[in-house]
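# A closer look at the structure
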Amino acid sequence: MNRQTKGTIKNVGRWLPGVLISLITLFVVFRLAQWDELGPAIARIPLLFILAAVLLTLLFLMTRAVAWRVILGNHASVSQTFWAINQGYLLNNLFPFRAGEFGRALLLGQAAHLPPARVLSSIVIERAFDLAIAAGLLLATLPLALGMAWARSVAILTLGLVIAGLLMLFLMSRNQQWVIGLVEKIGAKWGFVRRVVVPQLNALMQGLSTLSEPRQFLLSLFWIGVSWGVAVSTYYVFLLPIDPQAPFWWGMFTDAVLAMGIAIPSAPAALGTFEASIVGALTILGIDQTAALAYAITLHFIQFVVTGILGLIALVRQGKSVGTFLKDIQAKVINPTSS
């Protein structure tokens, strides 16, 4: 068996579990919904709300670009981060393994003349903020979704835990050498820590170096929070045609569940896990499963189309063809050892 064949088998082994998860989730959600009622349910979504979702998606991408620029210490322009984000989404729509995260690090590094490792570390920080916010929203709204009387206490406790986690992240940025030294000392005794944890920690520390000042840290967190506010608003506004009396926290709960759900390995574009996460969240909130699936499919399609078009525009701006772009990313990101 030659090297190329081994590489192909290895890649299939990596993406096959995600594809199977996507197929299973799609099978489940389509079995739960009424297939003959799905088309009419999608058709009943007013055009005005579809346009609102498109505009809010564009606003989310813009605020996300500003947030990423701030995390990078303003070493790239908003235009550069905006187009790189959409190229990353285009990659995620075409390839498994979250290839878009590595791809946009490479592409922004080229555009802004920054080391790709530094850009990638900023994405790690962005994801750390996302994880803290998503966990906070989920823990705060889950008791409300389940109708638990002690929801307010849980929400307050969750807020405290999120603040504590963000404070710990800031303290790590101020004491990087001490943290790295401590982990390396532990890694000397544990192989897993040395092989896996220490390299990831070094990448995290590189990104944290731009957030060591309180103002920079808070500004980054502010813009990440703004982008989450826009995303939550998108999911809330799109719920109104289904239930005009829906409270705003329904959007928070749906977005939080979705953020956790699409973190599971899946086929490109989070196919299946996106729909299953939203259907699961809305079912808990009492929404009919067919209406929930229509909601999920329509929103997923809107986001896919918007980011796909913007990603293609970004390629044209750089003078690249789609074929050349995909070959470069596959050689440098998806399968760098096959050449």
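Residues numbered from 1 in each chain as written. Predicted model: local features only at pLDDT ≥ 70, side-chain atom pairs only at ≥ 80, totals over all residues. Heavy atoms only, no water.

Bringing the overall build of the protein into the picture now. Looking only at helices and strands, one finds 14 helices and zero strands in the protein. For the protein, the succession of helices and strands along the chain, N to C, is α-α-α-α-α-α-α-α-α-α-α-α-α-α. Put simply, the protein has 339 residues, and 46% of those count as buried. Excluding contacts between residues fewer than 6 apart, the proportion of contacts in the protein whose partners are at least 24 apart in sequence is 72%. Split by element, the accessible area of the protein, about 17,000 Å² in all, is 70% carbon and sulfur. (Helix = DSSP H or I, 4+ residues; strand = E, 2+ residues; numbered from the N terminus. Buried < 20%, exposed > 50% of the residue type's maximum accessible area, 1.4 Å probe, protein only. Contact = heavy atoms within 4.5 Å. Areas by Shrake-Rupley, 256 points an atom, 1.4 Å probe, with all protein chains shown as cover.)

What follows is about helix α6 (residues 116-145). With 30 residues, α6 should cover 44 Å at 1.5 Å per step; its first-to-last C-alpha distance of 41 Å lies within 8% of that length. Just past α6, the residue Gly147 takes up positive phi, approximately 70 degrees. (Expected span 1.5 Å × (residues − 1).)

Inspection of every chain in the model, using the stated rule, returns six aromatic pairs. Note on Phe82 and Trp83: the rings are 5.1 Å apart at their centroids and 80 degrees apart in plane angle, and the pair reads as edge-to-face. Side by side, Phe82 and Trp83 carry an identical accessibility label, which is buried. Here Tyr236 and Phe248 contribute two aromatic rings whose centre-to-centre distance is 5.2 Å and whose plane-to-plane angle is 65 degrees, an arrangement assigned as edge-to-face. Note that Tyr236 is positioned in helix α10 (residues 214-237) and Phe248 in the loop between α10 and α11 (249-261), a separation of twelve residues in sequence. Given the relative accessible area of 40%, Phe248 is considered partly exposed. Over the face of the ring belonging to Trp68 we find Arg104, whose NZ or CZ atom lies 4.5 Å from the ring centre. (Phe/Tyr/Trp six-rings, centres within 6.5 Å; stacked < 30°, edge-to-face > 60°. Lys NZ or Arg CZ within 6 Å of the ring centre and 35° of its normal.)

A few words now on the nonpolar core. One finds Trp68, Leu108, Ile278, Leu282 and Tyr295 to be the most contacted residues of the largest nonpolar core, which totals 53 residues. Other than its neighbours up to four places away in sequence, Trp68 contacts Thr81, Ala84, Ile85, Arg104, Leu108, Val119, Ser122, Ile123 and Glu126. Counting 17 residues, the second largest nonpolar core, distinct from the first, contains Ile71, Ala132, Leu137 and Val162. (Core = buried A, V, L, I, M, F, W, Y, C linked by side-chain atoms within 4.5 Å.)

Right, let's get into the pattern of salt bridges. Scanning the model with the defined rule gives seven salt bridges in all. Taking the shortest distance from any N to any O, the salt bridge between Glu126 and Arg64 comes out at 2.8 Å. Of this pair, Glu126 sits in helix α6 while Arg64 sits in helix α3 (residues 47-71), and the two are 62 residues apart along the sequence. Both residues of the pair, Glu126 and Arg64, count as buried. A salt bridge links Glu126 to Arg104; the nearest nitrogen and oxygen atoms lie 3.0 Å apart. Linking Glu126 in helix α6 with Arg104 in helix α5 (residues 99-112), this pair joins segments that are 22 residues apart in sequence. Owing to a relative accessible area of 3%, Arg104 belongs among the buried residues under this scheme. (Salt bridge = Lys/Arg side-chain N within 4 Å of Asp/Glu carboxyl O.)

Time to look at unusual backbone geometry. The phi dihedral of Asn74 is positive, around 60 degrees, even though this residue is not glycine. According to the relative accessible area criterion, Asn74 is partly exposed, its value standing at 39%. The backbone phi angle of His113 is positive, close to 60 degrees, even though this residue is not glycine. Counting through the fold element by element, His113 comes out in the loop between α5 and α6.

What follows deals with the environment of Leu239. You can see Leu239 is positioned in the loop between α10 and α11. For Leu239, a relative accessible area of 0% puts it in the buried group.

On to the confidence of the model for the protein, then. Looking at the protein, the pLDDT average stands at 80 and 76% of residues meet or exceed 70. Looking across the protein, the model is least confident in helix α14 (residues 322-334), with a mean pLDDT of 61, and most confident in α3, with 96. Confidence drops under a pLDDT of 50 for residues 5-9, and excluding neighbours within four residues, the segment shows two contacts in the predicted structure. (pLDDT = per-residue confidence, 0-100.)

Attention now moves to a nonpolar patch on the surface. Nonpolar side chains collect at one region of the surface, where Leu20, Leu23, Ile24, Phe27 and Val28 lie side by side and expose about 490 Å² of accessible area between them. The topology assignment puts Val28 in helix α1 (residues 3-32). Residue classification places Val28 among the partly exposed positions, given a relative accessible area of 40%. (Patch = residues over 30% accessible without salt bridge, like charges linked within 9 Å, V, L, I, M, F, W, Y side chains within 5 Å.)

Attention now moves to the environment of Thr298. Along the chain, Thr298 turns up in helix α13 (residues 289-317). For the pair Thr298 and Phe238, spaced 60 residues apart in the sequence, the C-alpha separation amounts to 9.7 Å. Every residue in contact with Thr298, bar those within four places of it in the chain, is listed here: Ile42, Ile45 and Phe238. At 2.7 Å, the side chain of Thr298 forms a polar contact with the backbone oxygen of Ala294. (Polar contact = N/O pair within 3.5 Å; in protein donor to acceptor, adjacent residues only side chain to side chain.)

Relative to the assigned elements, Ala263 resides in the loop between α11 and α12 (273-284). Classification of Ala263 as exposed rests on a relative accessible area of 62%. Spatially, the C-alpha atom of Ala263 lies 9.3 Å from that of Arg98, the residues being 165 residues apart in sequence.

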